[in-house]
Amino acid sequence: MRIPGSKHAARLRITTANGIDEAGFVRIGGIDQWISIRGEDRDNPVLFEIHGGPGASSLIYASRTRGWEHHFTIVRWDMRGAGKTFGHTGAAGQGEMSLEQLERDALEVSEHLRARLGVDKIVLLGCSFGSFVALRIARSHPELFSAYVGTDQNINAGGRDRTAYAGLLARLEKAGKSKDLATVVTMTADRSAWSREDWSQFNKHTVGSDPLTFDTVKKVVMGSLLTSPLHSLREVRTYMQAMSFSEVLAPQSVTIDEWDEGTTFALPFFLFQGESDVITPPESAKRFFDDVTAPIKEFALIENASHFAAFRQPDRFLALLLAHVRPALAPESNSTRH
């Protein structure tokens, strides 16, 4: 069982008359996938979060983001290859591991949520690697979503954007880490040629070279995982195994060109990025944002945050949701069907 975490468990209790707290496996894309739905008031807008990694479920942050549930019904989905979905049947039971399949799954989850919660549209939140999937379905299926919110937003630009790579080289050179610098230089900036080991090395050096990112991974990510009342000790191990298993998805994103796929969105469009993000730099996200056409759009930086900005600064992220996203939602997006 779980390490005692009564404080966190008590914090997660929902006792309001119109609240919702349900979780379990739903048949999505031919396999059982875990979906959590939590909120203080079913009449609040539904916020569907597509997590990053790949393979890194956001369910571990439920305690940190408890305040969000007073204003939104928060849906967290452990996609195939992640979290409880991966733990349920292991590697052999995950089926097709491709970005295209994740997109199909995400659309099926969206339809499930509309029916289960009785709403016409939901707010789509794309986080880190999950923003590849979320951005695509927001663009192609605006009829399902009342707004798109991206955080730790990935922008590959068909491999042309090398901001994160250049930033890593500069940090390693400044720190005098010549051996690490040589390793990254040898890899080159062409991610399409990277081996699985190259991906691992790049991520390791990126996190280790930036104190704020390293601190966030240690305290926010690992801290949340180790104290989550929603996960057992066995699931902590499974969480890490799932991330390793899902690494196969990362190279599939390399050729995505957000400009070629389209900069016109038929729904409100928001990007809230960590001010000091070295993994998905805000400069890259802002370049794409500037070219986006949408009915409403807003870009904001989250101070004292690198990657995992929404989870390091959950109150600031909520303030942005309330200041910009909530007012942009059409009344019918929040209404219950009869």
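Data block above holds the structure.
Computed from a predicted structure; not experimentally measured.

What exactly am I supposed to notice about helix α4 (residues 130-140) here?
Two residues of an α-helix separated by three or four positions point the same way, owing to the 3.6 residues in each turn. Buried residues dominate α4, accounting for ten of its eleven residues. Every buried residue of α4 is listed here: G130, S131, F132, V133, A134, L135, R136, I137, A138 and R139.

Would you take a moment to explain the pairing of strand β1 (residues 20-28) for this structure?
It is a general feature of regular strands that their side chains alternate between the two faces of the sheet. Bridge count between β1 and strand β2 (residues 31-39): nine bridges; the pairing is antiparallel. When the sheet's bridge partners are listed, I28 is paired in β2 with I31. Counting the residues that bridge the hairpin from β1 to β2 gives two residues, and of these G29 lies at a positive phi of roughly 60°.

Sorry, what's going on with the pattern of salt bridges here?
A side chain of one charge can pair with a side chain of the opposite charge when the charged atoms of the two come close. One pass over the full model with this rule turns up 21 salt bridges. Its salt-bridge partner being E261, residue R136 comes within 2.6 Å of it at the nearest N-O pair. Within this pair, whereas R136 is found in helix α4, its partner E261 is found in helix α10 (residues 258-261), the two being separated by 125 residues in sequence. The class of E261 is partly exposed, set by a relative accessible area of 30%. Each of D21, R38, E40, R66 and E69 takes part in salt bridges that share partners, so that together they form one network.

In this structure, what is going on with the packing of aromatic side chains? I would like to understand it.
Any pair of aromatic rings gets described here by the distance separating the centres and the angle formed by the planes. The tally for this structure, following the rule as stated, stands at 19 aromatic pairs. Considering the side-chain rings of Y61 and F311, the 3.9 Å spacing of their centres and the 10° angle between planes classify their relative orientation as stacked. Residue Y61 is found in the loop between β3 (46-50) and β4 (73-78), and its partner F311 is found in helix α12 (residues 309-312); the two are separated by 250 residues along the sequence. Comparing Y61 with F311, the two get one shared label, buried. Clustering of aromatic rings is evident, with ring pairs tying together Y148, W259, F265, F269, F288, F289 and F299. A cation over a ring is seen here: K84 above W34, with NZ or CZ 5.2 Å from the ring centre. The ring of F299 carries the charged tip of K286 above its face, separated from the ring centre by 5.8 Å.

Would you explain unusual backbone geometry in this entry?
Glycine aside, negative phi is the norm for most residues, and most peptide bonds take the trans geometry. In this chain, G53 is followed by P54 through a cis amide linkage whose omega measures 5°. With respect to the element layout, P54 can be found in the loop between β3 and β4. Its identity is not glycine, yet N304 carries a phi of approximately 50°, on the positive side. Inspection of the secondary structure puts N304 in the loop between β8 (297-302) and α12.

Rules and cut-offs
- Residues numbered from 1 in each chain as written.
- Predicted model: local features only at pLDDT ≥ 70, side-chain atom pairs only at ≥ 80, totals over all residues.
- Heavy atoms only, no water.
- Buried < 20%, exposed > 50% of the residue type's maximum accessible area, 1.4 Å probe, protein only.
- Helix = DSSP H or I, 4+ residues; strand = E, 2+ residues; numbered from the N terminus.
- Pairing = 2+ DSSP bridges.
- Salt bridge = Lys/Arg side-chain N within 4 Å of Asp/Glu carboxyl O.
- Phe/Tyr/Trp six-rings, centres within 6.5 Å; stacked < 30°, edge-to-face > 60°.
- Lys NZ or Arg CZ within 6 Å of the ring centre and 35° of its normal.

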